[in-house]
Amino acid sequence: MGKLLIVNGSPRAPRSNSRRYIEQFLPCWGETADQYTALRGGPLSPEDCTDLLLVFPLYADGIPAVLMRTLKELAVWRGTARPRIHVLVNCGFLEPEQTRPAVEMVRFFCKRYGFPWGMALQIGSGEAILNTPFSFLVRRGLRRLAAGMRAGRSEVLSVRMPLNRRMFVWASGRYWTDYGAKNNITAGEMRTMEIEGG
Ligand SMILES: Cc1cc2nc3c(=O)[nH]c(=O)nc-3n(C[C@H](O)[C@H](O)[C@H](O)COP(=O)(O)O)c2cc1C
């Protein structure tokens, strides 16, 4: 099997859901992989890599700024043996289709800078799903992602919680209200633009 480099493209990398997705992906991949944290930056050297997996959250329907910095580095990288680029993107909303523009941005980047395009896994309800009994759906998606990468396929896979929208909005509202209460913040306070009293 080829060599894989995994990029964590979350702005909150050490405490991110992306980090949890990477941890769960590794056993599915079954080999060691190099890791790079976009937030930390530093030189990116994908030499010898056959595959590069970008793991990131959806930010305002697009790619987080920290990952843009990494893509800019890749754009000027002079290596000729281009690794195949794959995407694992998660978003807060229920529908994985919300991540489609971000996937297309990376696909366009690959076309523009001569990187082969590979697999994409779009995870809807990505903030919550790992903490629910539906986390097995994520593991199944990750296994399919790894298998597709190994086989050199190009497919877009999707995972989401099997809830209707009403149920999802109710459950997530309750989750954030309880979360606020634990931190002595009311639901009303959370609806304001005040950040840490600033
Ligand atoms: C500034 C910001 C913008 C976001 N924009 C979106 C969005 O457009 N659509 C969406 O579904 N989720 C959005 N989210 C939710 C994140 O995608 C979600 O919380 C994700 O699980 C974070 O992943 P991470 O922990 O790996 O950074 C946003 C979150 C933040 C903080």
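Named according to an unreviewed UniProt entry, the protein is Flavodoxin-like fold domain-containing protein originating from Dysosmobacter welbionis.

Within the structure shown, the criterion is met by seven aromatic pairs. Measuring from ring centre to ring centre gives 5.0 Å for Tyr-175 and Trp-176, while their planes differ by 80°; the resulting arrangement is edge-to-face. For Tyr-175, a relative accessible area of 39% corresponds to the partly exposed category. Taking 5.5 Å as the distance between ring centres and 70° as the angle between the ring planes, the aromatic pair formed by Trp-176 and Tyr-179 counts as edge-to-face. Of this pair, Trp-176 and Tyr-179 both sit in helix α5 (residues 165-182), three residues apart, which is roughly one turn of the helix. Taking the relative accessible area as the measure of exposure, Tyr-179 reaches 42% and is therefore partly exposed. Taken together, the ring pairs in this structure connect Trp-77, Phe-109, Tyr-113 and Phe-115 into an aromatic cluster. Above the plane of the ring of Phe-115 lies Arg-82, whose end atom (NZ or CZ) is 4.3 Å from the centre.

The next subject is the sheet that holds strand β6 (residues 156-159). Taken together, six strands build an open sheet; the order of strands is β2-β1-β3-β4-β5-β6 and the sheet is parallel. Pairing within the sheet leaves two strands with one partner each, and these edge strands are β2 (34-37) and β6. With direction set aside, neighbouring strand axes in the sheet form an average angle of 15°. Where strand β5 (residues 117-123) lies against β6, four bridges are found, and the strand directions are parallel. Pairing of Leu-121 across the sheet is with Leu-157, part of β6. Against the sheet, helix α3 (residues 100-113) makes contact with β3 (51-57), β4 (84-90), β5 and β6, and its axis sits at roughly 165° relative to β5, the strand it touches most. This element, helix α4 (residues 135-151), spans β1 (4-8), β3, β4, β5 and β6 of the sheet and lies at about 175° to β5.

A separate point is the packing of helix α1 (residues 17-29) against α4. One way to put it is that α1 packs onto α4 with a least axis distance of 9 Å and a crossing angle of 55°. What the angle tells us is that α1 and α4 run oblique. Classified by chirality, the crossing of α4 by α1 is right-handed. Of the residues in α4, those touching α1 at Tyr-21, Gln-24, Phe-25, Cys-28 and Trp-29 are Val-138, Arg-139, Leu-142, Arg-143, Leu-145, Ala-146, Met-149 and Arg-150. Here the contact of α1 with α4 is built from residues that sort into nine nonpolar, one polar and three charged.

Calculation notes
- Residues numbered from 1 in each chain as written.
- Predicted model: local features only at pLDDT ≥ 70, side-chain atom pairs only at ≥ 80, totals over all residues.
- Heavy atoms only, no water.
- Phe/Tyr/Trp six-rings, centres within 6.5 Å; stacked < 30°, edge-to-face > 60°.
- Buried < 20%, exposed > 50% of the residue type's maximum accessible area, 1.4 Å probe, protein only.
- Helix = DSSP H or I, 4+ residues; strand = E, 2+ residues; numbered from the N terminus.
- Lys NZ or Arg CZ within 6 Å of the ring centre and 35° of its normal.
- Pairing = 2+ DSSP bridges.
- Axes fitted to C-alpha atoms, helices over the stretch in contact; angles between N-to-C directions.
- Contact = heavy atoms within 4.5 Å.
- Parallel < 35°, antiparallel > 145°, perpendicular 65-115°, else oblique.
- Left-handed = near helix turned anticlockwise from the far one by under 90°.
- Nonpolar A, V, L, I, M, F, W, Y, C, P; charged D, E, K, R; others polar.

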